[in-house]
Amino acid sequence: MKENRYFRNKVVIITGASSGIGKIAAERLAALQARVALASRNRVNLNAIAGPLRSSDCSVLAIQTDVSREKDVKHMVASVLDQWGEIDILIANAGQYVRRSLADMDVASFHQSLAVNFYGALYAVNSVLPTMIERRSGHIVLVNSLDAKKGITGDGPYVAAKSALDGLGDVLRQEMKEYGIQVTSVYPGRVDTPMIEHLRVPWISAKISPQKVVRAMLKGIRKKKAIVVVPKMYYTLGALNNLAPRLLDWFYKMFHLEGSAKNE
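Everything numeric in this text was worked out from a predicted model, so none of it was measured. (Residues numbered from 1 in each chain as written. Predicted model: local features only at pLDDT ≥ 70, side-chain atom pairs only at ≥ 80, totals over all residues. Heavy atoms only, no water.)

1. A few points about the environment of Leu168
Within the fold, Leu168 resides in helix H7 (residues 156–176). C-alpha of Leu168 to C-alpha of Leu122: the two residues are 46 residues apart in sequence and 8.3 Å apart in space. Not counting the four nearest positions on each side in its chain, Leu168 is found in contact with Phe118 and Leu122. (Helix = DSSP H or I, 4+ residues; strand = E, 2+ residues; numbered from the N terminus. Contact = heavy atoms within 4.5 Å.)

So this is what it looks like as C-alpha cells:
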C-alpha cells in the first residue's frame, strides 16, 4: 500500500495523543511503521497508549506535555530531536472545548481556550520550524474545527481560538512553500471523542468517529492537501456563510445545532 510506504520510518509528533483523534492517529501511524512521539498532559492515558505500542515493537516516545506551556512544548520537541534527529510531521491536535454564552462575557474563558486551541498549536509550530526550514522538508498538520468556518452559538471562546488557528494555517501554508514545507488544515465536524461526550447533538449534525477523521487526515497528508474537511459534504459551509449568513444562522437555530448537555 502507498500509505504504508509513505509513513514508514517518518518521525511524527502528535499533540493531544492521549485520547480521541490523537490516540487513533498514534495507533494507525505506529501500525504503518512511523516513529511516533506522543505528547499529552495526561501521563496515565499517555502511558496506557504507549505501552501496547511498544510491546508491538513500534518506535514510540511518550512525553508528558502541557501544550499551553511553551517551555513544555520546547522540551518535548528537543526530546524528539535527541531521540531521532529529525521531525517529518507535526500533527498539532491538542484541543479543549470551552463554551460560554457571550451574554455572560467571561474573558477568562477566552484565555483558557486560546491557551490550548491556538497557542498550544503555535508553540508546537514555532518549535519544529527551525529544523524543518533547515532541512527544507516537513509537514505541519493543524487539526481545526468546522466551528472556524461557521460559529455556533454558545461556542464563542472555542470559535475564537479555532478561527485564529484558521488564519495562522492560511498564512503559514503560503509562507512555508518556499522552504518545501507542507501545511494541511483539517476541519472535522463534531467528533465522538471524550472532549464532547457530555454534548447531545441533533441527528443532522451527528458525531462522526475519530477513525473517519484520521483516515481523511492521513490521506490528506500523503496527497499534500491544503485543506481536509470531514465529512466532505461540509466543504461548502464557509462559502454558504459568506453568501447567506442569516439563512445559515436560521438553519443552525432551526435544527438546534448548538446541541445540549446530556444532563439537561
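Here the narrative resumes.
2. So, the nonpolar core
Ranked by internal contacts, the top residues of the largest apolar core, which has 35 residues, are Ile14, Leu29, Leu38, Ile91, Met217 and Ile221. The greatest single-element share of this core, amounting to six residues, is contributed by helix H2 (residues 20–31). Residues Met76, Ala92, Leu165 and Ile181 belong to the second largest nonpolar core, which totals 33 residues. (Core = buried A, V, L, I, M, F, W, Y, C linked by side-chain atoms within 4.5 Å. Buried < 20%, exposed > 50% of the residue type's maximum accessible area, 1.4 Å probe, protein only.)

3. Looking at the packing of aromatic side chains
The tally for this structure, following the rule as stated, stands at five aromatic pairs. Plain terms: the ring middles of Tyr97 and Tyr158 are 5.1 Å apart, the flat faces sit at 85° to each other, and that makes the pair edge-to-face. You can see Tyr97 sitting in the loop between strand E4 (89–92) and helix H5 (107–117) and its partner Tyr158 sitting in helix H7, a full 61 residues away along the chain. Residues Tyr97 and Tyr158 agree in their burial class; the two are buried. Judged by centre distance (5.1 Å) and plane angle (75°), the rings of Phe118 and Tyr119 are edge-to-face. Overall, the relative accessible area of 13% leaves Phe118 in the buried class. On the basis of relative accessibility, which here comes to 36%, the residue Tyr119 falls in the partly exposed class. Taking NZ or CZ as reference, Lys150 lies 5.6 Å from the ring centre of Tyr252, over its face. (Phe/Tyr/Trp six-rings, centres within 6.5 Å; stacked < 30°, edge-to-face > 60°. Lys NZ or Arg CZ within 6 Å of the ring centre and 35° of its normal.)

4. Regarding the sheet that holds strand E5 (residues 138–143)
Reading across the sheet, the seven strands line up as E3-E2-E1-E4-E5-E6-E8 and stay open at both edges, with parallel pairing between neighbours. Two strands bound the open sheet, and with one partner strand each, they are strand E3 (60–64) and strand E8 (227–230). Along the sheet, successive strands turn relative to each other by an average axial angle of 15°, direction set aside. One ladder, built from four bridges, connects E4 with E5; its direction is parallel. When the sheet's bridge partners are listed, Leu90 is paired in E5 with Ile140. Sheet strands in contact with H7 are E5 and strand E6 (181–188), and its direction is about 155° off that of E6. Sheet contacts for helix H8 (residues 210–222): E4, E5, E6 and E8; angle to E8, the most-contacted strand, approximately 160°. (Pairing = 2+ DSSP bridges. Axes fitted to C-alpha atoms, helices over the stretch in contact; angles between N-to-C directions.)

5. Here's the deal with the packing of H5 against helix H6 (residues 119–135)
Between H5 and H6, the shortest axis-to-axis distance is 3 Å and the interhelical angle comes to 30°. The orientation of H5 with respect to H6, classified from their angle, is roughly parallel. Across the interface between the two elements, Leu114, Ala115, Val116 and Asn117 from H5 touch Tyr119, Gly120 and Ala121 from H6. (Parallel < 35°, antiparallel > 145°, perpendicular 65-115°, else oblique.)

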